[in-house]
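Commentary on secondary and tertiary structure
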Amino acid sequence: MEAEPRGTGEGTAGLIEADDAHHAEVDYDYWDESYVAGAFKAPGEGGDWTVVLGFDGGLGMPCAEMLSEGGRVVAHSSNGGEPIHLFHWFEDGELRTTFEGPSARDGSSPDEPVPLLREVGFPLTPEGEHDENAPAVDGKAAVLALAERLTGIRVTESLLQDAMYERGLVPEQPAEEWTRRVIDITDAHGERLYKEWTYEEIEAASDRVRRRRTRRS
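Below you will find a few notes about this structure. (Residues numbered from 1 in each chain as written. Predicted model: local features only at pLDDT ≥ 70, side-chain atom pairs only at ≥ 80, totals over all residues. Heavy atoms only, no water.)

**Describing the side chain of Ser68**
Looking at where Ser68 falls in the secondary structure, it is placed in the loop between α2 (64-67) and β4 (72-78). Since its relative accessible area comes to 0%, Ser68 is described here as buried. In this structure, Ser68 is in contact with Val73, Phe90, Glu91, Asp92, Gly93 and Glu94, ignoring residues within four places of it in sequence. (Helix = DSSP H or I, 4+ residues; strand = E, 2+ residues; numbered from the N terminus. Buried < 20%, exposed > 50% of the residue type's maximum accessible area, 1.4 Å probe, protein only. Contact = heavy atoms within 4.5 Å.)

Next up, the structure:
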């Protein structure tokens, strides 16, 4: 992850303090996407695994594809505000399955984990479609259970609180060159949302936000 070492420490409290200290260093810059992460070893399927806990604002792990070469990476993330919960399963450098809602999966093998998704309680039919007759489920709890099936590691409060973390500051990822952004989403009812913005339009909107923040401060 090309993280800059930030020492070691036990428990999540110290990890949170280290992340808060980093944000204070950059004056809580909304646009700074660097963050503090902690890593520790945990026994799982086939041997030791590395568990990473990072305060990345829901960005996920851009380097997960590379990290999974020769192995497996299972990642899930949540952002703040109106939560978006994302799940990613990488195998040997390939994104096998990713989803926010389990009935709208993507990746090279989106249907492979359907039996596991049903096993952990997601309301899906055997074909992987949304099952309106199935009972509701806590999506985050189900994702944690899914990650356990794929890694052999049960993430518990005590596991995270008692771990000895190797801490690191993960830098911002280099920005890709782009000229436009497109949102193209079809919901479960077949309604499509399509919106396109140019680079100039997004930059102008960003400048307006910066000016408002400057006036408030």
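**Looking at the packing of aromatic side chains**
Counted under the stated rule, the structure contains three aromatic pairs. Ring geometry for Phe40 against Tyr165: centres 5.2 Å apart, planes inclined by 85°, an arrangement best described as edge-to-face. Of this pair, Phe40 sits in strand β2 (residues 35-44) while Tyr165 sits in strand β8 (residues 164-170), and the two are 125 residues apart along the sequence. The buried category is assigned to Tyr165, whose relative accessible area is 0%. Here the aromatic cluster, defined as three or more aromatic residues joined through ring pairs, consists of Phe87, Phe99 and Phe122. Cation over ring: Arg96 sits above Trp89, and NZ or CZ is 5.1 Å from the ring centre. (Phe/Tyr/Trp six-rings, centres within 6.5 Å; stacked < 30°, edge-to-face > 60°. Lys NZ or Arg CZ within 6 Å of the ring centre and 35° of its normal.)

**A few points about the sheet that holds strand β3 (residues 47-54)**
Two orientations exist for strands paired in a sheet by backbone hydrogen bonds: parallel and antiparallel. Judged by pairing direction, the sheet is antiparallel, and its four strands sit side by side in the order β1-β8-β2-β3 without closing on themselves. On the outer flanks of this sheet lie β1 (4-10) and β3, each paired with one strand and no other. Ignoring which end each strand starts from, the neighbouring axes of this sheet average 30° apart. The pairing of β1 with β8 spans five bridges and is antiparallel. (Pairing = 2+ DSSP bridges. Axes fitted to C-alpha atoms, helices over the stretch in contact; angles between N-to-C directions.)

**Considering unusual backbone geometry**
Within the chain, Glu2 stands out as a residue other than glycine whose phi angle is a positive 60°. With respect to the helices and strands, Glu2 occurs in the segment before β1. Overall, the relative accessible area of 73% leaves Glu2 in the exposed class. For Asp92, which is not glycine, the phi dihedral falls at a positive 50°. Within the secondary structure, Asp92 is located in the loop between β5 (85-91) and β6 (94-99). What makes Asp92 exposed here is its relative accessible area of 53%.

**What to know about a nonpolar patch on the surface**
Nonpolar side chains collect at one region of the surface, where Ile183, Ile185, Leu193 and Trp197 lie side by side and expose about 350 Å² of accessible area between them. Taken together, the elements giving at least two residues each to the nonpolar patch come down to β9 (180-186) and β10 (192-198). On the secondary structure map, Trp197 appears in strand β10. (Patch = residues over 30% accessible without salt bridge, like charges linked within 9 Å, V, L, I, M, F, W, Y side chains within 5 Å. Areas by Shrake-Rupley, 256 points an atom, 1.4 Å probe, with all protein chains shown as cover. Salt bridge = Lys/Arg side-chain N within 4 Å of Asp/Glu carboxyl O.)

Just distances and angles here, no functional claims.
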